[in-house]
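# Structural characterization, general
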Amino acid sequence: MRPTKPTLNHAYIASVALALIDRVGLGKFSMRKLGAELGVDPMAVYYYYRDQESLFDGVAEALFDELDADAVRWESSWRELCEEFFTRLRDTLLAHPHAVSIFATRPVRSRAAIESGERAIGVLCEAGFTPALALQLTRCLREFTIGHAQSVAAVRLGAGLRSRKPEPGAPDYNLLARSADAADIDAHFGVGLRAMLDGFERLAD
């Protein structure tokens, strides 16, 4: 019996698009290549997504699904919840460095994203934050996490090769260069996240 092709649907197309972006990079992605990857005429994709931007909305939703918000320990304290959730988001984005900019440039409006947002606001309100402040807190943490992921992704995709940091032993090997060699490019995420949470903790009622 010949193997059957998976049935096309929004989620499957988005997952294949994400895998293709991972492999070829966002700059070389095209609907034609996606159609070839799916084994269909590229025009078939437009039955599910009206254009490439709509498809990228689906890719952002696929990234959020990979975060697996249901597995987050929602019963933990608000600080533990925020640390776990945004660390998961950071890790998910850095697993797909070519797609970070897709996630960064559009809101995620899937049911899973909206439900997790509601749950997070609820936990924060129970901890003494007003709904407005709770939303501001999550927005700050989201923007910090995405910005961090974009910076690290750029380095991992080759930006670090253009660094002009002097090497140890060079005449201009200064304190800044020595500090950079002592700190991994991703190490400050936890420091920044905890510092932000410390600041927000003082604003709770």
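In every chain, residue numbers begin from 1 and rise along the written sequence. Given that this is a predicted model, residues contribute local features only at a pLDDT of at least 70 and side-chain atom pairs are listed and counted only at 80 or more, while totals for whole chains, interfaces and linings are drawn from all residues. Values reported for side chains reflect all heavy atoms of the structure, with hydrogen atoms and water molecules removed beforehand.

### Notes on the overall build of the protein chain
What counts, and what does not: Going along the chain from the N terminus, every DSSP run of H or I of four or more residues is numbered as a helix, and every run of E of two or more is numbered as a strand. Residue exposure (1.4 Å probe, protein chains only): buried if accessible area is under 20% of the type maximum, exposed if over 50%, otherwise partly exposed. The contact criterion used throughout is that any non-hydrogen atoms of two residues lie within 4.5 Å. What sets the accessible areas is the Shrake-Rupley method with a 1.4 Å probe; for residues, cover comes only from the shown protein chains.
Helix and strand content of the protein chain: 9 helices and 0 strands. Order of helices (α) and strands (β) in the protein chain, N terminus to C terminus: α-α-α-α-α-α-α-α-α. A principal-axis box enclosing the C-alpha atoms of the protein chain has dimensions of 60 × 55 × 30 Å. Looking at the 205 residues of the protein chain, the share that counts as buried comes to 39%. In the protein chain, once contacts between residues fewer than 6 apart in sequence are set aside, the share between residues at least 24 apart is 72%. As displayed, the protein chain has an accessible area near 12,000 Å², and 54% of this comes from carbon and sulfur atoms.

### Regarding the pattern of salt bridges
For clarity, the threshold we go by: What makes a salt bridge here is a side-chain nitrogen of Lys or Arg within 4 Å of a carboxyl oxygen of Asp or Glu, nothing more.
The tally for this structure, following the rule as stated, stands at 8 salt bridges. The partner of Glu37 in a salt bridge is Arg23, with the nearest N and O atoms 3.0 Å apart. With Glu37 in helix H2 (residues 31-38) and Arg23 in helix H1 (residues 10-24), the pair connects residues that are 14 residues apart, well separated along the chain. A relative accessible area of 38% places Glu37 in the partly exposed class. Given the relative accessible area of 53%, Arg23 is considered exposed. One salt bridge in this structure joins Arg79 and Asp198, with 2.8 Å as the shortest N-O distance. Here Arg79 is found in helix H4 (residues 78-94), whereas its partner Asp198 is found in helix H9 (residues 188-201), with 119 residues between them in sequence. With a relative accessible area of 18%, Arg79 lands in the buried category.

### Details of the packing of aromatic side chains
Just so we agree on the cut-off: Pairing of aromatic rings covers Phe, Tyr and Trp, the last through its six-membered ring, and needs centres within 6.5 Å; plane angles under 30 degrees mean stacked, over 60 mean edge-to-face, and all others mean tilted.
Tallied over the full model, the rule gives 7 aromatic pairs. Both rings, one in Trp78 and one in Phe129, keep their centres 4.9 Å apart while their planes meet at 75 degrees; by these two values the pair is edge-to-face. Residue Trp78 is located in helix H4, and its partner Phe129 is located in the loop between helix H6 (111-126) and helix H7 (131-156); the two are separated by 51 residues in the primary sequence. Of the residues examined, Phe129 reaches a relative accessible area of 3% and is grouped as buried. Note on Phe85 and Phe86: the rings are 5.1 Å apart at their centroids and 75 degrees apart in plane angle, and the pair reads as edge-to-face.

### Some details on the packing of H1 against H2
Stated formally: An axis is simply a line fitted to the C-alpha atoms; with a helix, the fit covers only the stretch in contact. Between two such axes, the angle follows the N-to-C directions and lies from 0 to 180 degrees. Throughout, the term roughly parallel applies to angles under 35 degrees, roughly antiparallel to angles over 145, roughly perpendicular to angles from 65 to 115, and oblique to all others. Crossing handedness: left-handed means the near helix sits turned counterclockwise from the far one by under a right angle, and right-handed means the same turn made clockwise. Gly is put with the polar residues, along with every residue not named as nonpolar or charged; the nonpolar set is Ala, Val, Leu, Ile, Met, Phe, Trp, Tyr, Cys and Pro, and the charged set is Asp, Glu, Lys and Arg.
Two elements in contact, H1 and H2, have axes separated by 10 Å at closest approach and are oriented at 115 degrees. The angle between the axes of H1 and H2 places the two elements in the roughly perpendicular class. For H1 against H2, the interelement crossing comes out right-handed. Contacts between H1 and H2 involve Tyr12, Ile13, Val16, Ala17, Leu20 and Arg23 from the former and Lys33, Leu34, Glu37 and Leu38 from the latter. Residues that form the contact of H1 with H2 fall into these classes: 7 nonpolar, no polar and 3 charged.

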